[in-house]
Amino acid sequence: MVSSNRSVNSESENSVKKFTRFISRSSQRFFASFIDEESEKEKQSNRILQQINQAITQKSIVVIQYRDDLQEKAANRFETLVGRIYQHATNPDSLVIKLQKDNQVRMISAKNIKKISIIRNNPNLK
């Protein structure tokens, strides 16, 4: 009778150990995926900044998928902007975009650009 009691205890201890290992591995995988996701976001942000600098230098027309903080809270949609971008004189985190459609000028934040494509270089502009 005593031996059956020991086997029940060892089985429950074994189950607890398995469960503890499972939780530990799951936590490690979750943490690793979180770190990888942050790293990927940083790489994407750096690529966008490089493209912005290239477009400014080449005075290129760009297509930007943009979503500011208010749009992000309201809906899961992007605004598409087409035009030329310029670095803001006093605030390096802000960009000025002159829209191609109506020559309207807007100030946008570089951190809210989700995607940018350079569509044309204009060698006639100086």
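Quick notes on the rules
- Residues numbered from 1 in each chain as written.
- Predicted model: local features only at pLDDT ≥ 70, side-chain atom pairs only at ≥ 80, totals over all residues.
- Heavy atoms only, no water.
- Helix = DSSP H or I, 4+ residues; strand = E, 2+ residues; numbered from the N terminus.
- Buried < 20%, exposed > 50% of the residue type's maximum accessible area, 1.4 Å probe, protein only.
- Lys, Arg positive; Asp, Glu negative; His and termini not counted.
- Salt bridge = Lys/Arg side-chain N within 4 Å of Asp/Glu carboxyl O.
- Polar contact = N/O pair within 3.5 Å; in protein donor to acceptor, adjacent residues only side chain to side chain.
- Phe/Tyr/Trp six-rings, centres within 6.5 Å; stacked < 30°, edge-to-face > 60°.
- Lys NZ or Arg CZ within 6 Å of the ring centre and 35° of its normal.
- Pairing = 2+ DSSP bridges.

### Re the side chain of Arg84
- Tracing the backbone through its elements, the reader meets Arg84 in strand β2 (residues 79–87).
- Buried and unpaired, Arg84 has Asp102 as its nearest opposite-charge partner, separated by 12 Å.
- A polar contact of 3.1 Å, which involves the side chain of Arg84, links it to the backbone oxygen of Lys59.

### With respect to the packing of aromatic side chains
- Enumeration according to the criterion identifies zero aromatic pairs in this entry.
- Taking NZ or CZ as reference, Arg67 lies 4.5 Å from the ring centre of Phe78, over its face.

### Overview of the pairing of β2
- The pairing of strand β1 (residues 61–66) with β2 spans six bridges and is antiparallel. Across the sheet, residue Ile61 finds its bridge partner in β2, namely Arg84.
- In terms of strand pairing, β2 meets strand β3 (residues 94–99) through five bridges, oriented antiparallel. The partner of Arg84 across the bridge, within β3, is Lys98.
- The hairpin turn running from β2 into β3, its antiparallel successor, is six residues long.

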